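Structure at a glance
Now for the letters of each chain:
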Amino acid sequence: MKAIGALLLLLAAAALGACGGESKETKAKNQVCDARADLSKQVNTLKGLTPSVANVGQVKTSLNAIRDDLGKITSAQGDLKGTRKSQVSAANQEFKSKVQDVAANLGAGVSAGEAKTHLSAAFDDLAATYKRTFAKVDCSS
């Protein structure tokens, strides 16, 4: 009888331990992957804007969302380990740099006629940088 009681206590303790939630690394991975998914959405939104229908509000909204996503990734990457940590860190650094370049150069020193081409090229470049960086981050496991 004591053996059964001890076994039940052990099983209960194991069950409670399993309910403790996700590890820091798992939470960080999920945070990175959620932010990565939103980055993809925002990049696709920007890439899909045509200069004739794009407005400053739409662009600012997407760029602000991207900035927030990059902040979430930055705060989570410290809890990642190994290859994923180095991959996310490198991707975050490169993509953040490209976003800053795009934001700083939008419309700078271009005529109204050149603005359309400049806008499309900037968003295409941002999309290419996403594919080269965050699209390669594994979120499958």
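These numbers come from a predicted model, not from an experiment. (Residues numbered from 1 in each chain as written. Predicted model: local features only at pLDDT ≥ 70, side-chain atom pairs only at ≥ 80, totals over all residues. Heavy atoms only, no water.)

1. Focus on the packing of aromatic side chains
The geometry of an aromatic ring pair is captured by the separation of the ring centres together with the interplanar angle, meaning the angle of the planes. With the rule as written, the count across this model stands at 2 aromatic pairs. Ring geometry for Phe 95 versus Tyr 130: centroids 6.1 Å apart, planes at 80°, classification edge-to-face. Residue Phe 95 is found in helix α4 (residues 82–105), and its partner Tyr 130 is found in helix α5 (residues 112–132); the two are separated by 35 residues along the sequence. The class of Phe 95 is buried, set by a relative accessible area of 0%. Given the relative accessible area of 9%, Tyr 130 is considered buried. Arranged with centres 5.8 Å apart and planes meeting at 80°, the rings of Phe 95 and Phe 134 form a pair that is edge-to-face. Taken together, the positions of Phe 95 in helix α4 and Phe 134 in the segment after α5 put the pair 39 residues apart, joining distant regions of the chain. (Phe/Tyr/Trp six-rings, centres within 6.5 Å; stacked < 30°, edge-to-face > 60°. Helix = DSSP H or I, 4+ residues; strand = E, 2+ residues; numbered from the N terminus. Buried < 20%, exposed > 50% of the residue type's maximum accessible area, 1.4 Å probe, protein only.)

2. A word on helix α3 (residues 56–76)
The terminal C-alpha atoms of α3, which comprises 21 residues, lie 30 Å apart, in line with the 30 Å expected from a rise of 1.5 Å per residue. Of all the residues in α3, the buried ones are Val 59, Ser 62, Leu 63, Ala 65, Ile 66, Asp 69, Leu 70, Ile 73 and Ala 76. End-on, the buried residues of α3 take up no more than an arc of 160°, which puts them together on one face. What points out from α3, more than 90 degrees from its buried face, is the exposed set Val 56, Lys 60, Thr 61, Arg 67 and Ser 75. (Expected span 1.5 Å × (residues − 1). Arc of directions from axis to C-beta.)

3. Things to note about the pattern of salt bridges
A full pass over the atoms with the stated rule returns 5 salt bridges. The partner of Lys 81 in a salt bridge is Glu 25, with the nearest N and O atoms 3.9 Å apart. With Lys 81 in the loop between α3 and α4 and Glu 25 in helix α2 (residues 24–48), this residue pair connects regions lying 56 residues apart in the sequence. Ionic pairing is found between Asp 124 and Lys 47, a salt bridge with its closest N-O pair at 3.3 Å. Here Lys 47 lies in helix α2 and Asp 124 lies in helix α5, a separation of 77 residues in the sequence. Residue classification places Lys 47 among the partly exposed positions, given a relative accessible area of 41%. (Salt bridge = Lys/Arg side-chain N within 4 Å of Asp/Glu carboxyl O.)

By themselves these figures say nothing about function.
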